[in-house]
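Understanding the architecture of this molecule
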Amino acid sequence: MRSLRTGLSLAALVTGAVMLVTAPAAHAADTPLRDLAAAKGKVVGTAVTGSKLTGSYGDIAGAQFGSLTPGNAMKWGTVEPTQGSFNWTEADQIVAFAQAHNQQVRGHTLVWHSQNPSWLTNGTWTSAQLSSLLQNHISTEVGRYKGEIAAWDVVNEPFNEDGTYRSTLWYNGLGANYIAQALTWAHAADPAAKLYINDYNVEGVNAKSTALYNLVKSLKTAGVPIDGVGLQAHLILGQVPAGLQQNIQRFADLGVDVAITELDVRMALPADSGKLAQQKADFKSVVAACAAVTRCVNITVWGFTDSDSWVPSTFPGYGAATPYDENYAPKPAYYGIAEALGGTTTTPPSGSCSATYGVTSQWNTGFTGQVTIACTGTALSSWNATWTYGAGQQITQAWNATCTQSGAAVTCTNASYNGTVPDGGSVTFGFNASWSGSNPVPVVTLG
Ligand code: XIL
């Protein structure tokens, strides 16, 4: 049933004007990334937004990933917007979803210079007060989720690019020792959680990653509880650092785990098939570098869909940084991850458009479905998608397409505004239908 829930089940291909119905194009995607990863002793995860965990977004998050990281829900500014008044709603929701889907949770993050509540950043504190605020925050949050969090990004982004400590509320008020203290307090609150220091631009061997390396080494020597380092991996297209695997290995050799915690690969917009192919290669090489090192335990993408990525708002002009497009169609990058994890999937051939049928929700008499038409290496200026229902299903309503059904034969034609499917892009339409007995997924033919 998993393939049905992911909406990746069956597809038909069209090359140019010549229609070609093939075996399922997304065939290899039938093995979810989480299962491919598990077979290699790895966990593949995604950052998520709690409010979106329904419909296709929830289906894919639950089916494809073995680990969830709250994108914002566990940050101090979210959980304690007013001093002493806590809001755990989204964090609780994500933890519950993860438990229902047999997933790990990576807690993110306890000590950071960003996304703190204004009462904290605007306050005037003695170092003793600051220290006790931090201790209380860590004890409260880690304690609340004790036993439910596989790993915590305890300290986030402590370094400058040159390897000196970043000037923050914490460093300025407490000195570098805030890092050891935070780890120690987190360990006291949940001895089973793996405790990480997480940073960006530490993927290759450079001044910043060497500072992190030296810090971890000294923490280990001092007996401070440190279990892992997180390499965020917010990368730019075509710029995977050459020394990534070597860098992962040197941390592993210190006796800590490594995780790729926030992987995305941004490109100048618009995307096209050449950029998407490079992005596939980039995702594949990052995942392969982790797969090659036993102690690299988790690869997490920072949002699995381009509709839930921080990139467009943070890096104007850039985007398309995740493995699924905005309509939840898997991009070449998805197949890059799958291939690096040993999946036998092949990317749909270039110069093709595919139609992917999925059931997004189903109840006793009806269901909602969607079809995503995605093109790579070519484009469409109009389309129709046809299929035959094998079990008496009947379309009752459609949107973003005009659908007619005659007997078992369904034909859906583009609306006036979505006939164009650009190279590297996709469109989606949806429908409601009735069913009884069974609701098998049909083969969709594009014309
Ligand atoms: C980002 C979130 O994705 C955005 O929604 C938010 O507006 C800003 O923070 N490094 C981190 C993450 O450790 O917490 C950041 O997440 C991205 C950079």
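Computed from a predicted structure; not experimentally measured.

It is worth spelling out the site of the ligand at this point. Around the ligand lies a shell formed by Asn72, Lys75, His108, Trp112, Gln115, Asn156, Glu157, Gln232, His234, Glu262, Trp302 and Trp310. One of the side-chain nitrogen or oxygen atoms of asparagine 72 is found 2.9 Å away from an oxygen atom of the ligand. Note that a nitrogen atom of the ligand is positioned 3.3 Å from one of the side-chain N or O atoms of glutamine 232. For the ligand, whose unbound accessible area comes to 420 Å², protein coverage reaches 76%. Across the shell around the ligand, the residue classes break down as 3 nonpolar, 6 polar and 3 charged.

This part takes up the environment of glycine 71. Within the secondary structure, glycine 71 is located in the loop between strand S4 (67-70) and helix H4 (76-79). Exposure remark for glycine 71: the relative accessible area of 12% places this residue in the buried category. Put simply, glycine 71 and glutamine 103 are 32 residues apart on the chain and 16 Å apart in space, counted from C-alpha to C-alpha. Apart from the residues within four sequence positions on either side, glycine 71 is in contact with Ala47, Val48, His108 and Trp302.

Turning to the domain arrangement of the protein chain, a few remarks are in order. Per the domain assignment, the segments of the protein chain are domain 1 (28-340) and domain 2 (352-446). The C-alpha centroid of domain 2 is placed 36 Å from the C-alpha centroid of domain 1. Every contact between the two is made by 10 residues of domain 1 and, on the other side, 12 residues of domain 2. Interface area for domain 1 against domain 2, summed over the two sides, is near 720 Å², with a carbon-plus-sulfur share of 41%. Per-residue buried area on domain 1 facing domain 2 is highest for Ser56, Ser273 and Asn327; these three make up 50% of the total on that side. Counting the contacts that link domain 1 with domain 2 gives 3 residue pairs in polar contact (both at pLDDT 80 or more). Considering each element in turn, the side of domain 1 that touches domain 2 owes the most residues, 3 residues, to helix H3 (residues 55-64). Here the side of domain 1 that touches domain 2 is composed, by residue class, of 3 nonpolar, 4 polar and 3 charged.

Glancing now at the confidence of the model for the protein chain. Low-pLDDT stretches of the model should not have their predicted coordinates read in fine detail. Looking at the protein chain as a whole, the pLDDT averages 92, with 92% of positions reaching at least 70. Scored below 50 in pLDDT, residues 1-29 makes 86 contacts in the model with residues more than four places away or belonging to other chains.

On to helix H11 (residues 244-253). The complete set of buried residues in H11 reads Leu244, Asn247, Ile248, Arg250, Phe251 and Ala252. Buried residues along H11 sit in contact with helix H10 (207-221), strand S8 (228-231), strand S10 (257-268), helix H12 (273-291) and strand S11 (296-301). A positive backbone phi angle near 95° is found at glycine 255, which sits one or two residues after H11.

For the peptide bond that leads from histidine 108 to threonine 109, omega is -5°, which places it in the cis range. Positionally, threonine 109 belongs in strand S5 (residues 104-111). Of the consecutive residues leucine 269 and proline 270, the connecting peptide bond is found in the cis state with omega at 0°. The topology assignment puts proline 270 in the loop between S10 and H12. Of note, asparagine 102 is a non-glycine position whose phi angle comes to about 55°, a positive value. Mapped onto the elements of the fold, asparagine 102 is located in the loop between helix H5 (89-100) and S5.

Thresholds, definitions, all that
Residues numbered from 1 in each chain as written. Predicted model: local features only at pLDDT ≥ 70, side-chain atom pairs only at ≥ 80, totals over all residues. Heavy atoms only, no water. Near = heavy atom within 4 Å. Polar contact = N/O pair within 3.5 Å; in protein donor to acceptor, adjacent residues only side chain to side chain. Areas by Shrake-Rupley, 256 points an atom, 1.4 Å probe, with all protein chains shown as cover. Nonpolar A, V, L, I, M, F, W, Y, C, P; charged D, E, K, R; others polar. Helix = DSSP H or I, 4+ residues; strand = E, 2+ residues; numbered from the N terminus. Buried < 20%, exposed > 50% of the residue type's maximum accessible area, 1.4 Å probe, protein only. Contact = heavy atoms within 4.5 Å. Domains from an automatic or database assignment. Buried area = accessible area lost by both parts, 1.4 Å probe. pLDDT = per-residue confidence, 0-100.

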